[in-house]
Amino acid sequence: MGAKLEIIWRVVVLTIEKLLKWLEDLFRLKTEDQAQIYSKVGQKHADKGNLDHAIPALKKALELNPRDADACFKLAKSCAKKGLYDDAIRYYQEASTGNGFDGEIFYQLGLIYHRKGLTKEAIESYAKSIEARPREPDAYYRLGLIRDGQKEHTEAIDLYEKAIAIDPLEARYYYSCGLALDASGQHDKAIDYFRRAMESEDGEQ
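The shown structure was predicted, so the numbers you read here are calculated from the model rather than taken from an experiment.

About the cut-offs
Residues numbered from 1 in each chain as written. Predicted model: local features only at pLDDT ≥ 70, side-chain atom pairs only at ≥ 80, totals over all residues. Heavy atoms only, no water. Helix = DSSP H or I, 4+ residues; strand = E, 2+ residues; numbered from the N terminus. Buried < 20%, exposed > 50% of the residue type's maximum accessible area, 1.4 Å probe, protein only. Contact = heavy atoms within 4.5 Å. Areas by Shrake-Rupley, 256 points an atom, 1.4 Å probe, with all protein chains shown as cover. Core = buried A, V, L, I, M, F, W, Y, C linked by side-chain atoms within 4.5 Å. Phe/Tyr/Trp six-rings, centres within 6.5 Å; stacked < 30°, edge-to-face > 60°. Lys NZ or Arg CZ within 6 Å of the ring centre and 35° of its normal. Expected span 1.5 Å × (residues − 1). Axes fitted to C-alpha atoms, helices over the stretch in contact; angles between N-to-C directions. Parallel < 35°, antiparallel > 145°, perpendicular 65-115°, else oblique. Left-handed = near helix turned anticlockwise from the far one by under 90°. Nonpolar A, V, L, I, M, F, W, Y, C, P; charged D, E, K, R; others polar. Salt bridge = Lys/Arg side-chain N within 4 Å of Asp/Glu carboxyl O.

A. Looking closely at the overall build of the protein. Tallying secondary structure elements over the protein gives twelve helices and zero strands in all. In sequence order, the protein lays out its α and β elements as α-α-α-α-α-α-α-α-α-α-α-α. A total of 205 residues make up the protein; the buried ones form 44% of that total. Taking all contacts inside the protein whose residues are at least 6 apart in sequence as the whole, residues at least 24 apart take part in 45%. Put simply, the protein shows about 11,300 Å² of open surface, and 49% of that area lies on carbon and sulfur atoms.

Printed below as a string of C-alpha coordinates:
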(Lines give C-alpha, C1' and ligand atoms only; values in the text may rest on other atoms or scores of the structure.)
Protein backbone atom coordinates (compact mmCIF):
# COMPACT_ATOMS: atom_id res chain seq x y z
CA MET A 1 0.00 0.00 0.00
CA GLY A 2 2.95 2.33 0.68
CA ALA A 3 3.99 2.37 -3.00
CA LYS A 4 0.43 3.17 -4.07
CA LEU A 5 0.22 6.09 -1.64
CA GLU A 6 3.52 7.51 -2.85
CA ILE A 7 2.30 7.44 -6.45
CA ILE A 8 -0.94 9.17 -5.51
CA TRP A 9 0.82 11.87 -3.48
CA ARG A 10 2.78 12.86 -6.58
CA VAL A 11 -0.41 13.59 -8.51
CA VAL A 12 -0.89 16.97 -6.84
CA VAL A 13 -1.43 18.77 -10.14
CA LEU A 14 -4.88 17.22 -10.46
CA THR A 15 -7.91 19.13 -9.24
CA ILE A 16 -9.55 17.73 -6.13
CA GLU A 17 -12.55 16.56 -8.15
CA LYS A 18 -10.40 14.66 -10.64
CA LEU A 19 -8.28 13.21 -7.87
CA LEU A 20 -11.35 11.92 -6.04
CA LYS A 21 -12.73 10.26 -9.19
CA TRP A 22 -9.33 8.78 -9.99
CA LEU A 23 -9.08 7.28 -6.52
CA GLU A 24 -12.57 5.80 -6.68
CA ASP A 25 -11.96 4.29 -10.11
CA LEU A 26 -8.43 2.99 -9.56
CA PHE A 27 -8.17 1.86 -5.96
CA ARG A 28 -10.28 0.49 -3.16
CA LEU A 29 -8.62 2.32 -0.30
CA LYS A 30 -9.19 2.10 3.42
CA THR A 31 -10.61 5.20 5.09
CA GLU A 32 -7.33 5.98 6.88
CA ASP A 33 -5.42 5.74 3.59
CA GLN A 34 -7.86 8.11 1.89
CA ALA A 35 -7.51 10.54 4.79
CA GLN A 36 -3.72 10.40 4.53
CA ILE A 37 -3.85 11.11 0.80
CA TYR A 38 -6.18 14.09 1.15
CA SER A 39 -4.10 15.45 4.01
CA LYS A 40 -0.88 15.16 2.01
CA VAL A 41 -2.40 16.70 -1.13
CA GLY A 42 -4.02 19.49 0.86
CA GLN A 43 -0.79 20.33 2.66
CA LYS A 44 1.13 20.44 -0.61
CA HIS A 45 -1.44 22.83 -2.09
CA ALA A 46 -1.31 24.93 1.08
CA ASP A 47 2.49 25.13 0.92
CA LYS A 48 2.20 26.41 -2.65
CA GLY A 49 -0.48 28.94 -1.73
CA ASN A 50 -3.22 27.16 -3.70
CA LEU A 51 -5.82 27.76 -1.01
CA ASP A 52 -8.86 27.01 -3.18
CA HIS A 53 -7.56 23.45 -3.58
CA ALA A 54 -5.95 23.13 -0.15
CA ILE A 55 -9.04 23.95 1.90
CA PRO A 56 -11.46 21.34 0.40
CA ALA A 57 -8.76 18.65 0.45
CA LEU A 58 -7.91 19.28 4.09
CA LYS A 59 -11.59 19.39 5.02
CA LYS A 60 -12.02 16.00 3.36
CA ALA A 61 -9.01 14.66 5.27
CA LEU A 62 -10.60 15.76 8.55
CA GLU A 63 -13.95 14.33 7.55
CA LEU A 64 -12.23 10.97 7.05
CA ASN A 65 -9.96 11.30 10.08
CA PRO A 66 -11.10 13.93 12.63
CA ARG A 67 -8.02 13.20 14.79
CA ASP A 68 -5.52 14.44 12.18
CA ALA A 69 -4.14 17.42 14.12
CA ASP A 70 -1.61 18.30 11.41
CA ALA A 71 -4.33 18.56 8.76
CA CYS A 72 -6.48 20.56 11.17
CA PHE A 73 -3.62 23.00 11.83
CA LYS A 74 -2.84 23.43 8.13
CA LEU A 75 -6.55 23.91 7.39
CA ALA A 76 -6.79 26.61 10.05
CA LYS A 77 -3.76 28.40 8.61
CA SER A 78 -5.19 28.16 5.08
CA CYS A 79 -8.55 29.55 6.21
CA ALA A 80 -6.78 32.44 7.94
CA LYS A 81 -4.84 33.28 4.77
CA LYS A 82 -8.11 33.18 2.85
CA GLY A 83 -9.69 35.60 5.33
CA LEU A 84 -12.06 32.97 6.74
CA TYR A 85 -11.22 33.99 10.30
CA ASP A 86 -14.11 32.33 12.13
CA ASP A 87 -13.34 29.01 10.45
CA ALA A 88 -9.65 29.47 11.20
CA ILE A 89 -10.35 30.08 14.90
CA ARG A 90 -12.50 26.96 15.10
CA TYR A 91 -9.92 24.73 13.42
CA TYR A 92 -7.04 26.14 15.48
CA GLN A 93 -9.00 25.40 18.64
CA GLU A 94 -9.68 21.87 17.41
CA ALA A 95 -5.99 21.39 16.58
CA SER A 96 -4.93 22.47 20.08
CA THR A 97 -4.57 19.01 21.55
CA GLY A 98 -1.12 19.07 23.13
CA ASN A 99 0.67 17.75 20.05
CA GLY A 100 3.67 20.02 20.45
CA PHE A 101 2.56 23.06 18.46
CA ASP A 102 0.15 24.72 20.87
CA GLY A 103 2.50 27.73 21.11
CA GLU A 104 2.21 28.32 17.36
CA ILE A 105 -1.56 27.83 17.51
CA PHE A 106 -1.94 30.44 20.24
CA TYR A 107 0.31 32.81 18.29
CA GLN A 108 -1.79 32.40 15.14
CA LEU A 109 -4.99 32.87 17.16
CA GLY A 110 -3.51 36.09 18.55
CA LEU A 111 -2.95 37.38 15.03
CA ILE A 112 -6.53 36.60 14.02
CA TYR A 113 -8.09 38.07 17.16
CA HIS A 114 -6.02 41.23 16.69
CA ARG A 115 -7.18 41.55 13.06
CA LYS A 116 -10.79 41.12 14.22
CA GLY A 117 -10.35 43.81 16.86
CA LEU A 118 -10.76 41.33 19.73
CA THR A 119 -7.99 42.81 21.86
CA LYS A 120 -8.69 40.88 25.08
CA GLU A 121 -8.65 37.56 23.25
CA ALA A 122 -5.49 38.53 21.35
CA ILE A 123 -3.67 39.41 24.58
CA GLU A 124 -4.69 36.11 26.17
CA SER A 125 -3.58 34.14 23.12
CA TYR A 126 -0.19 35.84 22.88
CA ALA A 127 0.36 35.29 26.61
CA LYS A 128 -0.38 31.57 26.19
CA SER A 129 1.97 31.45 23.20
CA ILE A 130 4.75 33.02 25.30
CA GLU A 131 4.10 30.54 28.10
CA ALA A 132 4.36 27.63 25.67
CA ARG A 133 7.33 29.03 23.70
CA PRO A 134 9.25 31.53 25.85
CA ARG A 135 12.16 31.65 23.39
CA GLU A 136 10.07 32.75 20.40
CA PRO A 137 10.43 36.56 20.10
CA ASP A 138 7.55 37.53 17.84
CA ALA A 139 4.79 36.88 20.38
CA TYR A 140 6.49 39.37 22.74
CA TYR A 141 6.68 41.85 19.86
CA ARG A 142 3.03 41.42 18.87
CA LEU A 143 1.89 41.74 22.46
CA GLY A 144 4.06 44.84 22.72
CA LEU A 145 2.27 46.38 19.75
CA ILE A 146 -1.07 45.92 21.50
CA ARG A 147 0.22 47.46 24.73
CA ASP A 148 1.69 50.33 22.70
CA GLY A 149 -1.68 50.92 21.06
CA GLN A 150 -3.23 51.09 24.52
CA LYS A 151 -0.68 53.77 25.52
CA GLU A 152 0.89 51.34 27.99
CA HIS A 153 4.38 52.26 26.82
CA THR A 154 6.30 50.93 29.81
CA GLU A 155 4.78 47.47 29.36
CA ALA A 156 5.36 47.67 25.60
CA ILE A 157 9.03 48.60 26.06
CA ASP A 158 9.55 45.64 28.39
CA LEU A 159 8.01 43.28 25.81
CA TYR A 160 10.04 44.74 22.92
CA GLU A 161 13.24 44.40 24.92
CA LYS A 162 12.44 40.75 25.64
CA ALA A 163 12.02 40.19 21.89
CA ILE A 164 15.33 41.98 21.24
CA ALA A 165 17.12 39.87 23.85
CA ILE A 166 16.02 36.73 21.99
CA ASP A 167 16.62 38.07 18.47
CA PRO A 168 18.98 41.08 18.55
CA LEU A 169 19.19 41.26 14.75
CA GLU A 170 15.51 42.04 14.01
CA ALA A 171 15.25 45.73 13.07
CA ARG A 172 11.50 46.11 13.59
CA TYR A 173 11.87 45.27 17.29
CA TYR A 174 14.25 48.21 17.71
CA TYR A 175 12.05 50.59 15.69
CA SER A 176 8.95 49.77 17.72
CA CYS A 177 10.86 50.00 20.98
CA GLY A 178 12.29 53.36 19.88
CA LEU A 179 8.82 54.69 19.17
CA ALA A 180 7.57 53.53 22.57
CA LEU A 181 10.58 55.10 24.28
CA ASP A 182 9.99 58.37 22.46
CA ALA A 183 6.30 58.32 23.41
CA SER A 184 7.28 57.80 27.05
CA GLY A 185 9.64 60.79 26.97
CA GLN A 186 12.92 58.84 26.76
CA HIS A 187 14.09 60.64 23.63
CA ASP A 188 17.84 60.02 23.88
CA LYS A 189 17.33 56.30 24.41
CA ALA A 190 14.83 56.26 21.54
CA ILE A 191 17.44 57.73 19.20
CA ASP A 192 19.86 54.98 20.23
CA TYR A 193 17.27 52.32 19.40
CA PHE A 194 16.57 53.88 15.99
CA ARG A 195 20.31 53.82 15.31
CA ARG A 196 20.48 50.15 16.32
CA ALA A 197 17.53 49.41 14.05
CA MET A 198 19.34 50.95 11.08
CA GLU A 199 22.48 48.99 11.94
CA SER A 200 20.45 45.79 12.01
CA GLU A 201 18.99 46.57 8.59
CA ASP A 202 22.46 47.30 7.20
CA GLY A 203 23.67 43.99 8.57
CA GLU A 204 20.95 42.13 6.67
CA GLN A 205 22.06 43.49 3.31
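So, next bit.
B. Structural context of the side chain of Ser 39. With respect to the secondary-structure elements, Ser 39 resides in helix H3 (residues 31-47). Classification of Ser 39 by relative accessible area gives buried; the value is 5%. The residues contacting Ser 39, other than those within four sequence positions of it, are Leu 58, Ala 61, Asp 68 and Ala 71.

C. The arrangement of the nonpolar core in detail. With 53 residues, the main nonpolar core has Leu 75, Tyr 91, Tyr 92, Ile 105, Leu 109, Tyr 126 and Cys 177 as its most contacted residues. When residues in this core are grouped by element, the largest group, eight residues, is from helix H5 (residues 69-82). Not counting the four nearest positions on each side in its chain, Leu 75 is found in contact with Ile 55, Leu 58, Lys 59, Leu 62 and Tyr 91.

D. Seen up close, the packing of aromatic side chains. Across all of its chains, the model carries six aromatic pairs by this definition. What links up through ring pairs into an aromatic cluster is the set Tyr 141, Tyr 160 and Tyr 173. The side chain of Arg 196 reaches across the aromatic face of Tyr 193, ending 4.9 Å from its centre.

E. Seen up close, helix H9 (residues 137-149). Its 13 residues give H9 an end-to-end C-alpha distance of 19 Å, which sits within 8% of 18 Å, the value for a rise of 1.5 Å per residue. Within the span of H9, buried status applies to Pro 137, Asp 138, Ala 139, Tyr 140, Tyr 141, Leu 143, Gly 144, Ile 146 and Asp 148. Against helix H7 (102-115), helix H8 (119-132), helix H10 (153-166) and helix H11 (171-183) lie the buried residues of H9.

F. Broad picture of the environment of Leu 62. You can see Leu 62 is positioned in helix H4 (residues 51-64). Leu 62 gets classed as buried once you look at its relative accessible area, which sits at 11%. Residues Leu 62 and Leu 75, spaced 13 residues apart in sequence, show a C-alpha to C-alpha distance of 9.2 Å. When neighbours within four sequence positions are excluded, Leu 62 is seen to be in contact with Asp 68, Ala 71, Cys 72, Leu 75 and Tyr 91.

G. Inspection of the packing of H10 against H11 at higher detail. With their axes 9 Å apart at the nearest point, H10 and H11 run at an angle of 155° to one another. When the interaxial angle is binned, H10 and H11 end up roughly antiparallel. Of the two possible hands of crossing, H10 and H11 adopt the one that is left-handed. Listed contacts from H11 to His 153, Ile 157, Tyr 160, Glu 161, Ala 163 and Ile 164 of H10 are Tyr 173, Tyr 174, Ser 176, Cys 177, Ala 180, Leu 181 and Ala 183. Here the residues of the contact of H10 with H11 are counted per class, giving ten nonpolar, two polar and one charged.

H. Seen up close, the pattern of salt bridges. Taken as a whole, this structure holds 17 salt bridges when the rule is applied. We note a salt bridge from Lys 120 to Glu 124, for which the minimum N-O separation is 2.8 Å. With Lys 120 and Glu 124 both in helix H8 and four residues apart, the pair spans about one turn of that helix. The exposure class assigned to Lys 120 is exposed, which follows from its relative accessible area of 56%. For Asp 192, the salt bridge identified is with Arg 196, shortest N-O distance 3.9 Å. With a gap of four residues between them, Asp 192 and Arg 196 both fall in helix H12 (residues 187-204), about one helical turn apart. For Asp 192, a relative accessible area of 26% corresponds to the partly exposed category.

Honestly, that's just the spatial picture; any functional story needs more than this.
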